[in-house]
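Secondary and tertiary structure notes
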Amino acid sequence: MACGERVEVTETYWSVCWKWFVPYPCKKSRTVTRYQYDFTPWRTRFSWSPFRRKYQGCCGGLLYEWSYWTWSPFGTGNGPWVYTPWKYYSKGTIGSIGNCPFNDGGDIL
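First things first, this report covers the structure right here in the doc. Just so it is clear, the model here is predicted, and its values are computed rather than measured. (Residues numbered from 1 in each chain as written. Predicted model: local features only at pLDDT ≥ 70, side-chain atom pairs only at ≥ 80, totals over all residues. Heavy atoms only, no water.)

A few words now on the state of the cysteines. By definition, a disulfide links two cysteine residues through a covalent bond between their sulfur atoms. Evaluation of the coordinates by the stated rule reveals three disulfides. Between the sulfur atoms of Cys 3 and its disulfide partner Cys 59 the distance amounts to 2.0 Å. What sets the handedness of the Cys 3 and Cys 59 disulfide is the S-S torsion sign, and at about -100° it is left-handed. With a gap of 56 residues between them, Cys 3 in strand 1 (residues 3-19) and Cys 59 in strand 4 (residues 52-59) connect regions that are remote in the sequence. Here Cys 17 is linked by a disulfide to Cys 26, with a sulfur-sulfur distance of 1.8 Å. (Disulfide = S-S within 2.5 Å. Helix = DSSP H or I, 4+ residues; strand = E, 2+ residues; numbered from the N terminus.)

Set out below in structure tokens:
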């Protein structure tokens, strides 16, 4: 289980390429550094902002909380705990806000 482990990942994105002075859309890729977190369980948290999403997740017995910029016109609500593993790659490290509220650290046996 990775909790803030620094990894190199390949990211693809759309760009403009040129051939014979004619631009056309094309996919490119690049290698970037990210921080990997394996959250189980995780949930959405309440956010009034139409431009931010907020989440909480358990990893390694600790509870993490983070948000990111996105278009969310109705905000977000307090969602249920989801027990499907989520591999999340963050641009920076995420701070722990305490212990996971589950005795087993949230792991499903």
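Next comes the rest of the write-up.
Before going further, it helps to spend a moment on the environment of Trp 42. Along the chain, Trp 42 falls in strand 3 (residues 42-45). Each C-alpha atom, one on Trp 42 and one on Pro 80, is 8.3 Å from the other, the two residues being 38 residues apart in sequence. With sequence-adjacent residues up to four places away left out, Trp 42 is seen in contact with Tyr 55, Gln 56, Gly 57, Pro 80, Trp 81, Val 82, Thr 84 and Trp 86. Within polar-contact distance, the side chain of Trp 42 engages the backbone oxygen of Thr 84 at 3.0 Å. (Contact = heavy atoms within 4.5 Å. Polar contact = N/O pair within 3.5 Å; in protein donor to acceptor, adjacent residues only side chain to side chain.)

Moving on: the nonpolar core. Residues Tyr 35, Tyr 37, Phe 39, Trp 42, Tyr 55, Cys 59, Tyr 64, Trp 66, Tyr 88 and Ile 94 constitute the largest nonpolar core, which totals 10 residues. Elements supplying a minimum of two residues to this core: strand 2 (22-39), strand 4 and strand 5 (62-69). Per-element accounting of this core gives the leading share, three residues, to strand 2. Beyond its immediate chain neighbours, meaning those up to four positions away, Tyr 37 contacts Ala 2, Cys 3, Gly 4, Tyr 64, Trp 86, Lys 87, Tyr 88, Ser 90, Thr 93 and Ile 94. (Core = buried A, V, L, I, M, F, W, Y, C linked by side-chain atoms within 4.5 Å. Buried < 20%, exposed > 50% of the residue type's maximum accessible area, 1.4 Å probe, protein only.)

By themselves, these are just geometric observations and shouldn't be taken as functional.
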